[in-house]
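Residues per chain are reported as follows:
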Amino acid sequence: MFVNARSLKKPGATSDLLADILENNIQLCCVTETWFNSEFPSSNFFIPNYNLIRHDRTPSNSDKKTGGGVCIYHHEDIEIQPINVSRCQQFEILWTKITAPTKLILVVLYYPPCLNKQKDYVDYLASTAEDLMLTHPNYELMIGGDFNDLSTVELTSCIHVSNCLDAPTCGKSQLDFVLCSNPSHFEFHTTDSNVKTDHKAILVSPKCPTPSIKRLHYFRDQRYQNVFNFNNQLSYEDFTYVYTTSDPDVAMMGLLDHLKGVLDLNCPLKKVKLSNKDPHYITPLVKHLLKKRNQLNRKRNHRQVSLLTDQIRNLIKDNMLKGSGRRGTQKWWNVVNQHTGRKQNSTTQIPFTPDEICNFFTDISTQHGPINLPPHEVVGDSPIPELSLHQIYYSLLGLKKTAVGYDQLPTWVFKDNAHILAEPIHSIYNRCLASSSFPNSLKRSRIIPVPKSAKVNDLNNLRPIPVTPVIARHFERLVYDNFLKEPYNRWLSRNQCGFRQGGSTEFALLKILDTCKNLDTSDHDYIKLIFLDLSKAFDRVQHELVLTQLKKISGLSPFIINFIRSFITERSQFVCVAGRSSDLMSPN
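Note that the coordinates shown come from a computational prediction; the quantities given were computed from them, not determined experimentally.

Q: Sorry if this is basic, but what is going on with the sheet that holds strand β10 (residues 176-180) here?
A: Sheet strands line up and pair through hydrogen bonds in the backbone, either parallel or antiparallel. Ordered by their spatial adjacency, 6 strands build an open sheet running β5-β6-β7-β8-β10-β9, and the pairing between neighbours is mixed. Two strands close off the open sheet at either side, each with one partner strand: β5 (79-82) and β9 (162-163). Across 7 bridges, strand β7 (residues 104-110) lies against strand β8 (residues 140-146) in parallel orientation. Bridging across to β8, Tyr 110 finds its partner in Asp 146. Packed onto the sheet, helix α2 (residues 118-135) meets β6 (93-100), β7 and β8 and runs at close to 20° relative to β6.

Q: Looking at this model, I keep getting lost on the pairing of β10. Mind explaining?
A: Here is the key point about a regular strand: its side chains alternate between the two faces of the sheet. With 5 of 5 residues buried, β10 is to be regarded as a mostly interior element. Every second residue of β10 is oriented toward a common face, with Asp 176, Val 178 and Cys 180 on one face and Phe 177 and Leu 179 on the other, all of them buried. For β8 and β10, the ladder comprises 5 bridges, and the chain directions are antiparallel. Bridge pairing in β10 links Met 142 to Cys 180. Here β9 runs beside β10; their pairing, made up of 2 bridges, is antiparallel. Its bridge partner lying in β10, Ser 162 is registered against Cys 180.

Q: Please clarify how the nonpolar core should be interpreted in this entry.
A: Inside soluble globular proteins, nonpolar side chains tend to come together where they are buried. Phe 414, Ile 425, Tyr 429 and Phe 475 are the most contacted members of the largest nonpolar core, which totals 49 residues. Elements with a minimum of two residues in this core: α4 (224-234), α6 (248-266), α11 (389-397), α12 (411-415), α13 (418-434), α14 (470-491), α16 (543-550) and α17 (558-567). For this core, the element with the highest residue contribution is α13, accounting for 9 residues. The residues touching Ile 425, leaving out its near neighbours within four places in the chain, are Leu 255, Ile 392, Leu 396, Phe 414 and Ile 471.

Q: How should I be thinking about the packing of aromatic side chains in this particular structure?
A: For any two aromatic rings, the description comes down to two numbers: the centre-to-centre distance and the angle of the planes. Within this structure, the stated rule accounts for 18 aromatic pairs. Here Phe 147 and Phe 177 contribute two aromatic rings whose centre-to-centre distance is 5.4 Å and whose plane-to-plane angle is 70°, an arrangement assigned as edge-to-face. Taken together, the residues span a long stretch of sequence, with Phe 147 in the loop between β8 and α3 (152-158) and Phe 177 in strand β10 at a distance of 30 residues. The pair Phe 147 / Phe 177 is uniform in exposure class, with both members buried.

Q: I'm lost on α6 in this one. Help?
A: Structural remark: α-helix, 3.6 residues per turn; residues separated by three or four positions point the same way. The end-to-end C-alpha distance of α6, which contains 19 residues, comes to 27 Å, matching closely the 27 Å that a straight helix rising 1.5 Å per residue would cover. Of the positions making up α6, those classed as buried are Pro 248, Asp 249, Ala 251, Met 252, Leu 255, Leu 256, His 258, Leu 259, Val 262, Leu 263 and Asn 266. Packing partners of the buried residues in α6 comprise β13 (214-220), α4, α5 (240-244), α12, α13 and α14. N-cap assignment for α6: the residue whose side-chain oxygen lies 3.0 Å from the backbone N of Asp 249 is Asp 247.

Q: What am I meant to see in the sheet that holds strand β15 (residues 444-451) here?
A: Spatial ordering of the open sheet is given by β16-β15-β17-β18, a layout of 4 strands whose pairing is mixed. Two strands bound the open sheet, and with one partner strand each, they are β16 (462-467) and β18 (580-581). Here β15 runs beside β16; their pairing, made up of 6 bridges, is antiparallel. Bridge pairing in β16 links Ile 448 to Ile 465.

Q: How should I be thinking about the environment of Ser 554 in this particular structure?
A: Tracing the backbone through its elements, the reader meets Ser 554 in the loop between α16 and α17. Since its relative accessible area comes to 57%, Ser 554 is described here as exposed. Taking the C-alpha atoms as reference points, Ser 554 and Tyr 488, separated by 66 residues in sequence, lie 8.5 Å from one another. Those residues in contact with Ser 554 that sit more than four places away from it in its chain are Pro 487 and Arg 490.

Q: Got a minute to help me understand the side chain of Ser 275 in this structure?
A: Relative to the assigned elements, Ser 275 resides in strand β14 (residues 269-275). According to the relative accessible area criterion, Ser 275 is buried, its value standing at 13%. Discounting residues that sit within four places of it in the chain, Ser 275 has contacts with Ser 212, Ile 213 and Lys 214.

Scoring rules and cut-offs
- Residues numbered from 1 in each chain as written.
- Predicted model: local features only at pLDDT ≥ 70, side-chain atom pairs only at ≥ 80, totals over all residues.
- Heavy atoms only, no water.
- Pairing = 2+ DSSP bridges.
- Helix = DSSP H or I, 4+ residues; strand = E, 2+ residues; numbered from the N terminus.
- Contact = heavy atoms within 4.5 Å.
- Axes fitted to C-alpha atoms, helices over the stretch in contact; angles between N-to-C directions.
- Buried < 20%, exposed > 50% of the residue type's maximum accessible area, 1.4 Å probe, protein only.
- Core = buried A, V, L, I, M, F, W, Y, C linked by side-chain atoms within 4.5 Å.
- Phe/Tyr/Trp six-rings, centres within 6.5 Å; stacked < 30°, edge-to-face > 60°.
- Expected span 1.5 Å × (residues − 1).
- Polar contact = N/O pair within 3.5 Å; in protein donor to acceptor, adjacent residues only side chain to side chain.

Spelled out as structure tokens, the structure:
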């Protein structure tokens with residue numbers, strides 16, 4: 001859709017544009033006269049499930065300070081990127097390249113009335129379009145927008161495009177045009193827009209349906225019967241090897257492999273392809289069952305088909321009803337963040353390979369080589385820290401659903417089987433504490449790169465989110481709560497507000513305000529405040545410094561200090577992007 005909005009900064013203009021998009025099922029919305037400028041961030045004009053590409057009016061492309069500007073709203077399934085061409089900043093023209101679901105060079109322009117630069121404008125447009133078509137021979141070309149008094153006759157004579165619409169778009173005049181290299185592939189007509197403007201919108205629809213975009217999804221078949229079979233089989237498993245293995249690291253690795261084998265047998269990993277045209281209630285499980293039902297139907301197994309149809313119907317019904325009930329505070333905030341643009345789109349394209357990203361994250365750390373400090377000396381009468389079976393059992397029952405690590409063992413495996421797994425885990429944990437070692441099998445992290453902005457053009461625009469195995473996080477929390485929390489918080493300075501029990505940003509601000517108020521009443525002329533923001537501060541913490549400071553904490557067991565030393569050394573990580581994984585790497 002092409003529309004002259006006559007300012008999207010007007011109250012309710014973005015909502016009116018959203019109504020146009022939903023009403024006409026628009027995937028690409030090209031807007032002229034946006035009136036955007038650098039003072040207005042894109043998040044102010046956010047439309048759910050759509051990304052915004054904009055080219056605002058600036059002093060370099062217009063003598064007027066306000067008005068003008070072009071932009072494109074595109075659905076997250078459309079693979080589109082701006083093209084940086086020469087002199088693009090001198091004109092209000094947005095050059096883009098669409099690679100999926102169709103190949104198209106899309107140009108959106110706004111030619112201000114009475115500009116008197118027709119020859120220069122046409123020459124630039126023609127030469128640039130010709131260069132792009134030479135470098136992209138398999139692409140079609142479409143140029144649209146508000147032409148005003150720009151001659152389309154000259155343009156069509158210079159470029160191999162045709163005028164696709166002959167109808168008034170503003171009163172009795174045609175000011176908005178769409179020029180296309182293959183007009184026979186599309187249908188064009190005008191319609192009234194919900195946006196308050198005196199221009200009609202131009203709708204462009206392909207005569208042939210656009211191909212769907214299919215993506216491969218992996219999931220575990222965790223239906224009730226499969227989970228029941230897993231729990232039932234686990235109750236008959238023999239974990240004697242855990243107690244007889246002297247090395248706790250080997251015992252932990254054997255336990256994880258054992259659980260993974262039983263899980264793969266009862267809740268196998270499946271892969272299906274989901275299309276961008278599939279409705280939201282078609283989940284990977286539903287897609288898998290539909291495929292299985294078609295196979296049974298071809299074998300004329302009508303009884304199984306009937307049973308499977310009932311399962312699919314119930315799953316779809318549950319998926320459609322999901323989220324329609326009462327919302328908690330967190331769910332409402334998720335909706336608000338999504339509509340205001342503060343929550344970044346998870347489908348942002350990352351133009352880097354997993355190995356490139358993993359190398360970047362690995363090189364950030366300034367810790368070079370192994371830790372030179374020797375292990376902390378254990379005094380003869382220092383008690384060996386121990387966890388009780390009671391603590392481990394109830395902590396497993398209290399596990400909350402979180403992301404799975406590289407071992408692919410979900411939370412419910414440990415939570416639902418706490419009565420079975422508490423004893424072998426209790427044995428491994430206590431042997432690890434006695435030897436002051438954290439299992440190497442739990443030191444591997446799966447890194448998920450999360451974009452900091454809608455467009456990722458630099459590795460610095462990625463934030464690493466490390467995901468360790470569920471059981472690793474469980475062990476970390478138990479050690480902190482039972483052996484580290486109390487002496488650590490007692491040792492910290494009272495002036496520290498972050499990363500301590502009861503501390504918060506609000507408390508820090510109140511303390512600053514109180515200090516400033518007291519100083520203000522003491523005949524001071526002014527108050528200086530110094531704020532420091534350290535880039536990637538936690539990635540650059542020196543491990544030797546951490547261990548040195550831990551030794552200063554009164555009441556902290558030397559076993560725990562050496563345990564933390566083991567925890568922060570010899571770690572490894574890999575990056576996972578769009579189903580592809582990097583090699584396993586170790587930070588320096």
